[in-house]
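Structural characterization, general
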Amino acid sequence: MTTTTPAADARTHIIQRRRAVVASTVGTTIEWYDFFLYGTAAALVFPKVFFPEQSPLAGTLAAFSTQFVGFAARPIGAAIFGHFGDRVGRKATLITTLMLMGIATFLIGCLPSTSTIGLSAAVLLVLLRVVQGIGVGGEWGGSVLMSMEWGSERRRGFMASWPQVGVPVGLLLSTGMVRLVSGATGDNFDTWGWRIPFLVSFVLVLIGLYVRLNVMESPDFAKIKQTRTVHRAPTWEVIKRQPLEIITSAFIRMAEQAPFYLFITFVLAYGTEELKFQRNELLNDTLVAAALGLFSVPFFGHLSDVIGRRVMYGIGIACTAIFAFPYYGLLNTRNSGLVLLAIVISLLVHDMMYGPQAALIAESFGTNVRYSGAGLGYQLASVIAGGPAPLIAAAILSRTGSSTWISWYIVGCAVLSAIALVLMPRGRGAEPATPAAAR
């Protein structure tokens, strides 16, 4: 009979912890590469490829509408994969979501244009966007939990922030790829060059699958399997028993997610169409800001372990509201250096919330409903915050011809987040939710 020493067990745990962090971060990087790539293409290319008969503004609104469809599908993905993540396990579910997202992105790169097959092109684009949204909706909760549940309780903010780093890395890779291909293909980028970044996604998915297959199930989930406290219907269980936690988890993201998609997606349309900047100049600025996120996201996650998650998150909300008017003030100067400063600060302010956000939301739910509860709360924000944000900003700009009311929109999002943060119940930590009711 083979036995292991405590030292050997500790070494194994450390190795698995590192693998879990890497696998979660690599996976979310790929997922967000795919998702951000769509947003960039929606701002720069899709109006011409899929809505060529529309005016520039109408084409942009139509493209952002297809983007919103993906956001609307994310809570569906959270409900579906949250169920299996809390029933079957984090690892198997994460492999499925990664494949789903990668295949949909690859197929978008293969889509014929409207000039080739007519309206069917836009319909297929919407369907694939729905698949993307379902994949991302199921991805976030599992990635965060896989990393957080392998870490210690006193460092949950830091551990859960690493999958969040997948956002700046994915943004960096997608923007960098568009920038590289745009420069290499020149005028052909709008006809066929834009497809290359989408097709490259398939290679990234293979890398992600290899990494994730080498990670063990999280110890917290293994424990609830061993103690037989797994719910038969975890998604319904958490909706029934913790509705306030789900709702407040969604609304605290108003100040983080809605402005974020103005900062990285709408800014491309606003900068090229209203301010007459070159596309590649704005992409370069976004690359610089995304690179800083590699350090700021885990830093603010760590800081939340020191000063408290709610305090750190509240500081981020306040800074977002304060920067709403200076952001567009800097952009409207049309000065390249000040535009870069605006984009960099905007993402830094975002990271003050995004770093501690994963642990703040996940700790609100017990282990056996955590995938479902955290995923639902997080992804519902996509319907009320991130999804409509570029559409709302474009509509405001069309109606007023000014960025002033877009800034007020950002302030309004911050106010709603502050209220939700105050109302959000204290977390349940590592305890299973209602173990007596577990079946």
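Here the structure is a predicted model, which means the values were calculated and not measured.

According to the stated counting rule, one finds 18 aromatic pairs in the structure shown. Ring geometry for tryptophan 140 against tyrosine 378: centres 3.7 Å apart, planes inclined by 5°, an arrangement best described as stacked. In this pair, tryptophan 140 is assigned in helix H6 (residues 120-148) and tyrosine 378 in helix H17 (residues 370-386), connecting sequence segments 238 residues apart. Side by side, tryptophan 140 and tyrosine 378 carry an identical accessibility label, which is buried. Joined through ring pairs, the aromatic side chains of Phe263, Phe266, Tyr270, Phe323, Tyr327 and Tyr328 make up one cluster. Above the face of the tyrosine 378 ring, arginine 253 is positioned so that its terminal group lies 3.5 Å from the ring centre.

Within this model, the largest pocket holds a volume of roughly 360 Å³. For the largest pocket, the lining is made up of 17 residues, of which Ala43, Leu44, Lys48, Thr272 and Glu273 are closest to its centre. Those elements that place two or more of their residues in the lining of the largest pocket are helix H1 (6-44), helix H2 (46-50), helix H3 (56-87), helix H13 (254-273) and helix H14 (279-307). Tallied by class, the residues present in the lining of the largest pocket amount to seven nonpolar, seven polar and three charged.

A word on a nonpolar patch on the surface. A contiguous nonpolar patch, built from Ile247, Phe251, Val383, Ile384, Val415, Leu416, Ile419, Val422 and Leu423 and spanning about 750 Å² of accessible area, is present on the exposed surface. Of all the elements in the fold, those that place two or more residues in the nonpolar patch are helix H12 (243-251), H17 and helix H19 (404-423). Among the elements that make up the nonpolar patch, the one with the highest residue count is H19 (five residues). Structurally, isoleucine 419 is set in helix H19.

With that settled, consider the nonpolar core. Counting residues in hydrophobic clusters, the biggest one holds 116 residues, and the most contacted among them are Phe46 and Phe266. Among residues more than four places away in sequence, those in contact with phenylalanine 266 are Phe64, Tyr261, Tyr328, Pro390, Ala393, Ala394, Leu397 and Ile406.

One non-glycine residue, lysine 276, lies in positive phi territory at about 65°. Looking at the secondary structure, you find lysine 276 in the loop between H13 and H14. By relative accessible area, which is 62% here, lysine 276 ends up exposed. A positive phi angle, close to 60°, is found at arginine 334, a residue other than glycine. The residue arginine 334 is located in the loop between helix H15 (309-331) and helix H16 (336-362) in this model.

Take H16 next. Here H16 is 27 residues long and its end C-alpha atoms lie 40 Å apart, about the 39 Å a rise of 1.5 Å per residue gives. Within H16, 20 of the 27 residues are buried, leaving the element largely enclosed by the surrounding structure. Where H16 begins, the side chain of asparagine 335 points an oxygen toward the backbone nitrogen of glycine 337, at a separation of 3.0 Å.

Here we take up the environment of asparagine 280. Here asparagine 280 is to be found in helix H14. Along the primary structure asparagine 280 and glutamate 153 are separated by 127 residues, whereas in three dimensions their C-alpha atoms are 43 Å apart. Residues within four places of asparagine 280 in sequence aside, it is in contact with Arg179 and Ser182. In this structure the side chain of asparagine 280 is engaged in a polar contact, spanning 3.4 Å, whose partner is the side chain of serine 182.

So, how was this worked out
Residues numbered from 1 in each chain as written. Predicted model: local features only at pLDDT ≥ 70, side-chain atom pairs only at ≥ 80, totals over all residues. Heavy atoms only, no water. Phe/Tyr/Trp six-rings, centres within 6.5 Å; stacked < 30°, edge-to-face > 60°. Helix = DSSP H or I, 4+ residues; strand = E, 2+ residues; numbered from the N terminus. Buried < 20%, exposed > 50% of the residue type's maximum accessible area, 1.4 Å probe, protein only. Lys NZ or Arg CZ within 6 Å of the ring centre and 35° of its normal. 1 Å grid on protein atoms, 1.4 Å probe; cavity = no way out; pocket = protein on both sides within 12 Å on 5 of 7 lines; lining within 4 Å. Points joined across faces, edges and corners; volume = space filled by probe spheres on them. Nonpolar A, V, L, I, M, F, W, Y, C, P; charged D, E, K, R; others polar. Patch = residues over 30% accessible without salt bridge, like charges linked within 9 Å, V, L, I, M, F, W, Y side chains within 5 Å. Areas by Shrake-Rupley, 256 points an atom, 1.4 Å probe, with all protein chains shown as cover. Salt bridge = Lys/Arg side-chain N within 4 Å of Asp/Glu carboxyl O. Core = buried A, V, L, I, M, F, W, Y, C linked by side-chain atoms within 4.5 Å. Contact = heavy atoms within 4.5 Å. Expected span 1.5 Å × (residues − 1). Polar contact = N/O pair within 3.5 Å; in protein donor to acceptor, adjacent residues only side chain to side chain.

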